Every structure is written in C-alpha cells, then in structure tokens.
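Architecture at a glance
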Amino acid sequence: MTSEQAEPPGWPRSGGSATPLPPPSDELRQPDGRLAHWVFGLPVAELRAGYRSAVYFDRARRILAGEGADTRVTVQVFQRGDGVVACGIDEALAVLALGAGAFTDQATADHAFGEHLRARNQARRARPRGGPAYLEAVRLQVDSEIALDQLWRRGGAELEVRALRDGDRIDAWEPVVEITGPYRLFAHLESVYLGVLARRSLVASNVSRVVGAAKGKPVLFFADRFDHWATQGGDGYAAFVGGAQGVATDAQAAWWGERGLGTTPHALIATFDGDTVAAMRAFARHIPDVPLVALVDFDNDCVGTSLACARAFGERLWGVRLDTASTLVDRSLWDQLGDFDPTGVNPQLVRNVRGALDAEGFGHVRVICSGGFSAERITAFERAGVPVDSYAVGSALLKGASDYTADVVLREGRPCAKVGRHHRPSERLQPVDLGADGA
C-alpha cells in the first residue's frame, strides 16, 4: 500500500460523489447461507466446453464419454498446510453446479462453441463503437450461449457433494470438498475449482495472519493495485472471510454487500500544489459524508502536516495516515538518528506524530499506518506498543501459496487411489445440493 486509500472501519460506505449502487439484498445468499451461484459471474459456456480447463482433464472426460463409462468415483480435495483459512468453497461449488454435466452431441457442441467464441470476440471488437452495432453483436453472443445451453445436460443433481464452509480453519490433508458421481460429468472442472480454492485460501489466510498480528486493531485490505483487476471480487471476499474490516474498491466489497473505502491519493495533493490542507478542504467540501483522514507524508514532514491539518479542521479531522516511503527519513526524525532504522513508517515516527497531536489537544485524531506492512512488521509494532490505530496492508496479502490437490480415492465405493493417497473420512463435511437452483 503506497499512496491511495485509507479509511477506518465504521465509516459510511457511500457518500459525496460515490457512484450509486443497488443496495445489497438477501439474493447474495442461498437459503443454506452459501453465496449464490450468480454472484461469481462464472463464464458458464467456457467452463462447460473445457475452455478454462487443463486440456488433459477435458480429454479425460471426452475419453470416458466415448467409452460410455459412467464409473462412479469419490474425489477428495485437500491442501498441505496447517492452520489455513479455507476460502473459495462456495465459488468452487458454483463451478460444479453450473459446469458439471455433458453435451448431448459433442461434435455439434464443439462447432457451436467455436461460433460462440467468434460472437464473443465480435462483441468485444464492437464495444468501443457502442450503439446499434454493439447491441447486435451482444445479441448474437447471447444467442450463441443459448444454443450451447440447448445442447447441455446438467449433471449437478447426479453428484453427491459434501463441503466445508468458507472461513473454516483446516490442516494438512483434511478434505475440504468431496465429490461422488460419474467422473466424466466433472473431470473437466478440476483445474478450475482447484485454482479458485488456492487463490481465495491464500488471501484469506494471509489476511487472517495480519488480523491476528494487529491484536484487534482494524486491518484494511488495499491490494487492488498489486494484481490484475479481474481478481478484485474474489480477493475482496477472501479478505472479508479472513477478517479485514475494509477494502479499497466497490468490486472488492460486492460479494459481501458492502462498498469500498478511501480518502485521498498523493496525486490529489500534488494538484493543489503540494498543499495538503488545501486538498483536504476540497475533500471536505465535495465529499462531506465521509470523515476526514489526511494523508500527511507528502512533504516528508508527518508531524508538521498532521498538526497543520488538526489546527485547520479541529474535531472534523478523523485521522491522519502515515505512508512515508521506505527510502526516506521523515523530517521529525532528523535530530533523533542513531539507534534505530529511521526510514519509512517506523515506530519512532508514529510516536512523534502521536505525541505532537496529544500535546496540542488533538487526542481524538487517529493514526493509520500504511506502506509495506506485513504480519511480521505489524507483530513487531504491536510488541513495541507503537500507538497505531489501524493498519492498511497491500502486497503482503497476495504473497505465498496455498495449493490444493484433488484425488480419486474411491471407485464404485471401494478404495482406488494412487500410491500415497487414500480416502479420509470427515465428519466436518456438510452435504451440498448441487441440483438446487442456487440463484
């Protein structure tokens, strides 16, 4: 997290010039509490065609279909770490519910899917022009999807599925999802649902570790700039599952019915000729419904800028955010150098800001820290009793791995697995009805 948003939890999720969005509704959830299938915006036609699958999984289902093999297997999905926060389970179930099944005529379906890709690409090419040409291209794309739907026989009702819940803590080798049914109906989906589980569990587990390190202080998930925009919905939901109390974008908050949080970037201050107080005055005029948090490191003088904002806004100032670059030493530390690392946002800088605010009667102003924070760094701050009110964390929450594996462990109810694998009974797994609409 280097320059944009920092907004404490408890703030209004919209206000000022925020784009109006439809209010969240119970439709986000199914009766059993899991996220509805539609929330994930899955590319259904592509899943069914095997377009998003490792080709050897798609070839496996084609071989079994050609053999007329309806062999029932039990597949268990697991990972190899202890204390992992499982996430992506509801999304993986949606992949199975919408993608499991078979085409009634594979050759016709292959041709129809080729037509679908052409129609999709035409719609993408027409989008910049807009108008009637784009509308017609979208109509053709939808027609191509309907043609594929008519060739598809859904197979979710033929699968017996049991699964844990998003947010459950799991250990190595523990089954997270168990699928029993004709393998040809879901073979092509393996790499898709494994990837979903890997990504979401990675983010949720990383956030959980940071939240634990912060010892109850709010953690804000601001990792939008550190990965592809298409990951935002799922990453934001995983951050929520992991315990984050705020996210940067509306897309990151959409799956759990919230809004993104944010105040001002350094760029806004620059457009006001580097005058942080002037930029914050403009913010207060145009975004009146959001409490005021000043970004105070633009001049590399966090103490001076914090006091200037506090004097200008008084009780209106909710907080200040420190985001000093790791290559800089803040002005307030120049006379204190000698026995600590003075670069970036460090404990002494936070103490200087807190002490200066308190000395002038601004004890109500919160201190938010951002810029390269991780679970380890937050742990060090907390052990040292650094007076931070909340942490904004970014790239550290996307690092590492949380790999999942799926193995056939039973064939027609009897043990049949590669060497080193076996069926692991689990009382924690809950039945899931993939035949239900899930909409």
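Residues numbered from 1 in each chain as written. Predicted model: local features only at pLDDT ≥ 70, side-chain atom pairs only at ≥ 80, totals over all residues. Heavy atoms only, no water.

All chains considered together, the criterion is met by 27 salt bridges. A salt bridge links Arg139 to Glu136, with the nearest nitrogen and oxygen atoms 2.5 Å apart. Separated by three residues within a single helix, Arg139 and Glu136 lie in helix H5 (residues 131-150), roughly one turn from each other. Exposure remark for Arg139: the relative accessible area of 41% places this residue in the partly exposed category. Its salt-bridge partner being Asp358, residue Arg354 comes within 3.0 Å of it at the nearest N-O pair. Of this pair, Arg354 and Asp358 both sit in helix H12 (residues 347-359), four residues apart, which is roughly one turn of that helix. Overall, the relative accessible area of 12% leaves Arg354 in the buried class. In this structure Asp358 comes out as partly exposed when scored by relative accessible area, which is 41%. (Salt bridge = Lys/Arg side-chain N within 4 Å of Asp/Glu carboxyl O. Helix = DSSP H or I, 4+ residues; strand = E, 2+ residues; numbered from the N terminus. Buried < 20%, exposed > 50% of the residue type's maximum accessible area, 1.4 Å probe, protein only.)

One can describe the packing of helix H3 (residues 89-99) onto helix H6 (residues 190-213) by two numbers: an axis separation of 9 Å at closest approach and a directional angle of 165°. In terms of orientation, H3 lies roughly antiparallel with respect to H6. When the axes of H3 and H6 are compared, the crossing they make is right-handed. On H6, the residues that touch Ile89, Glu91, Ala92, Val95 and Leu96 of H3 are Val192, Tyr193, Val196, Leu197 and Arg200. (Axes fitted to C-alpha atoms, helices over the stretch in contact; angles between N-to-C directions. Parallel < 35°, antiparallel > 145°, perpendicular 65-115°, else oblique. Left-handed = near helix turned anticlockwise from the far one by under 90°. Contact = heavy atoms within 4.5 Å.)

A separate point is the sheet that holds strand S13 (residues 390-393). An order of S9-S8-S13-S12-S11-S10 is seen for the six strands of this open sheet, with the pairing classed as parallel. The sheet terminates laterally at strand S9 (246-247) and strand S10 (292-295), the two strands that pair on one side only. (Pairing = 2+ DSSP bridges.)

A few words on the confidence of the model for the protein chain. Looking at the protein chain as a whole, its pLDDT mean stands at 92, while 94% of the residues score no less than 70. This stretch, residues 1-17, has a pLDDT under 50; its non-local contacts, to residues over four places away or in other chains, come to 77 contacts. (pLDDT = per-residue confidence, 0-100.)

Further remarks concern the sheet that holds strand S1 (residues 72-79). Strands pair in a sheet through their backbones, by hydrogen bonds, and they do so in one of two ways: parallel or antiparallel. Across the sheet, six strands lie side by side as S15-S14-S1-S7-S5-S16; this open sheet has antiparallel pairing. For this open sheet the edge positions go to strand S15 (414-415) and strand S16 (430-432), each flanked by a neighbour on one side alone. Two strands pair when backbone bridges link them, and S1 and strand S7 (residues 177-182) are joined in this way by six bridges, in the antiparallel orientation. When the sheet's bridge partners are listed, Val73 is paired in S7 with Gly181. Strands in contact with H3 are strand S5 (160-163), S7 and S16; relative to S5, the strand with the most contacts, it is inclined by about 170°. This element, H6, spans S1, S7 and strand S14 (404-411) of the sheet and lies at about 135° to S14.

Moving on, we get to the nonpolar core. With 101 residues, the main nonpolar core has Phe186, Tyr193, Phe221, Val320 and Leu322 as its most contacted residues. Ranked by residue count, the leading element in this core is H6, at ten residues. Excluding residues within four positions of it along the chain, Leu322 makes contact with Val296, Cys302, Val345, Leu349, Val350, Val353, Val367, Ile368, Cys369 and Ser370. Counting ten residues, the second largest nonpolar core, distinct from the first, contains Ala45, Phe103, Ala112 and Trp152. (Core = buried A, V, L, I, M, F, W, Y, C linked by side-chain atoms within 4.5 Å.)

Okay, the environment of Phe340 next. Mapped onto the fold, Phe340 is located in the loop between strand S11 (317-322) and H12. Along the chain, Phe340 and Ala94 lie 246 residues apart, while their C-alpha atoms are 51 Å from each other. Ignoring any residue separated from it by four or fewer positions in sequence, one finds Phe340 in contact with Leu333, Asn346 and Gln348.

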